[in-house]
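# Chains, contacts and geometry: an overview
Each chain is listed here by its residues.
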Amino acid sequence: KAKPNNVAVAFRGQPKELTALHRRTREALNLDALGFVPEQKVGHFRCDDVNEALRVIVEVNGDYVHANPKLYKPTAKIVLEWARYTAKEKWAADASRAACLKRLGYSVFVVWESDNLEAARIALRRLMDERGGEELLRGAFTSVDRDEEPGIKNQGGSGRSWPRPHVRRPGLPR
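Read on for an overview of the structure. If you're wondering where the values come from, they're calculated on a predicted model, not measured in any experiment.

## Observations concerning helix α2 (residues 20–29)
Residues L21, H22, T25, R26, A28 and L29 constitute the buried set of α2. Taken around the axis of α2, the buried residues stretch over an arc of 170°, which confines them to a single face. Among the structural elements, β1 (37–42), β2 (45–51), β3 (56–61), β6 (107–112) and α4 (117–130) are those in contact with the buried residues of α2. Downstream of α2 by a residue or two, N30 has a phi angle that is positive, lying close to 60°.

## A closer look at the pattern of salt bridges
Side chains bearing opposite charge may pair, as long as their charged atoms lie close to each other. If you walk through the whole model with that rule in mind, you get seven salt bridges. Across the salt bridge formed by R26 and D49, the nearest N and O atoms sit 2.0 Å from each other. In this pair, R26 is assigned in helix α2 and D49 in strand β2, connecting sequence segments 23 residues apart. In this structure, R26 and D49 share a single accessibility class: buried. As a salt-bridge pair, R97 and E59 come within 3.0 Å of each other at their nearest N and O atoms. With R97 in helix α3 (residues 87–103) and E59 in strand β3, the pair connects residues that are 38 residues apart, well separated along the chain.

## Brief notes about the pairing of β3
Most of β3 sits inside the fold, with six of its six residues counted as buried. Neither face of β3 is exposed, since V56, V58 and V60 on one face and I57, E59 and N61 on the opposite face are all buried. Two elements, β3 and β6, share six bridges in a ladder whose sense is parallel. Looking across to β6, one finds that E59 is bridged to V110.

## Structural notes on the sheet that holds β3
Here four strands make up an open sheet; going across it, the order is β1-β2-β3-β6 and the pairing mixed. Of all strands in the sheet, those bounded by a partner on one side alone are β1 and β6. Between one strand and the next, the sheet's axes are offset by a mean angle of 45°, whatever the strand orientation. Taken strand by strand, α3 contacts β1, β2, β3 and β6, and its axis lies near 55° from that of β2. Along the sheet face, α4 touches β2, β3 and β6 and points at about 175° away from the line of β6.

## A word on the packing of aromatic side chains
Between two aromatic rings, the relevant description is the distance of the centres plus the angle of the planes. With the rule as written, the count across this model stands at one aromatic pair. Above the ring of Y106, the side-chain terminus of R55 is found at 4.1 Å from the ring centroid. One residue, K90, lies across the ring of Y85, its end atom 6.0 Å from the ring centre.

Calculation criteria
For every chain, the first residue of the written sequence is number 1, and numbering continues from 1 along that sequence. A pLDDT threshold of at least 70 governs which residues receive local features in this predicted model, and a stricter bar of 80 or more applies before side-chain atom pairs are shown or counted, although totals over entire chains, interfaces and linings include all residues. Each side-chain value is worked out from all heavy atoms of the structure, with water and hydrogens disregarded. Think of it in three bands: with a 1.4 Å probe and only protein chains considered, a residue is buried below 20% of the maximum accessible area for its type, exposed above 50%, and partly exposed in between. Secondary structure elements are defined from DSSP: runs of H or I of at least 4 residues count as helices, runs of E of at least 2 residues count as strands, and each element is numbered from the N terminus. Taking the helix axis as origin, the arc is that swept by the directions to the C-beta atoms. Contacts were defined at the residue level, with two residues in contact if any of their heavy atoms lie within 4.5 Å. We define a salt bridge as a side-chain nitrogen of Lys or Arg found within 4 Å of a carboxyl oxygen belonging to Asp or Glu. Any two strands are treated as partners once DSSP identifies two or more bridges connecting them. What counts as an axis is a line fitted to C-alpha atoms, over the stretch in contact for a helix, and the angles between N-to-C directions run from 0 to 180 degrees. Between rings of Phe, Tyr and Trp, where Trp is taken as its six-membered ring, a pair exists when centres lie within 6.5 Å; planes separated by under 30 degrees are stacked, by over 60 edge-to-face, and by other angles tilted. Cation placement over rings: the criterion is NZ of Lys or CZ of Arg within 6 Å of the ring centroid and within 35° of the ring normal.

Listed below in structure tokens is the structure:
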């Protein structure tokens, strides 16, 4: 008999409203303009953001809740108001979830809380381009985004400023 996934069970029934981290990341990555819809059900999972046309899912992972492997050892204990688990258990649950979503034909793009969002935006653009989103991308990114690629670095710490998207709005002069 299969052992229940205690990590997944613990997250069932959690609030569906967007967290501050999710809202900031959506804005920085310009997900609305890229056709992503927040909090969509795919299979039996609730996903942070889904672009159904390109079958791309963006998951926004908090460093503590998802035990960012750059910051936590496998034995680290994560204690939340509604759940307790080790980093290794959370990683296994997240990997299983991503594998299921991939079997359903989706690409899963994970953005960590401490990621450089400008670099993440460029990487997401490349993924969408590979999946046939050239037309959509043409209007959502500026020439600066297409010509430059910042180095990936950890912004870390609290109080950091989140990059604002540089998007040419339709109808405005260049």
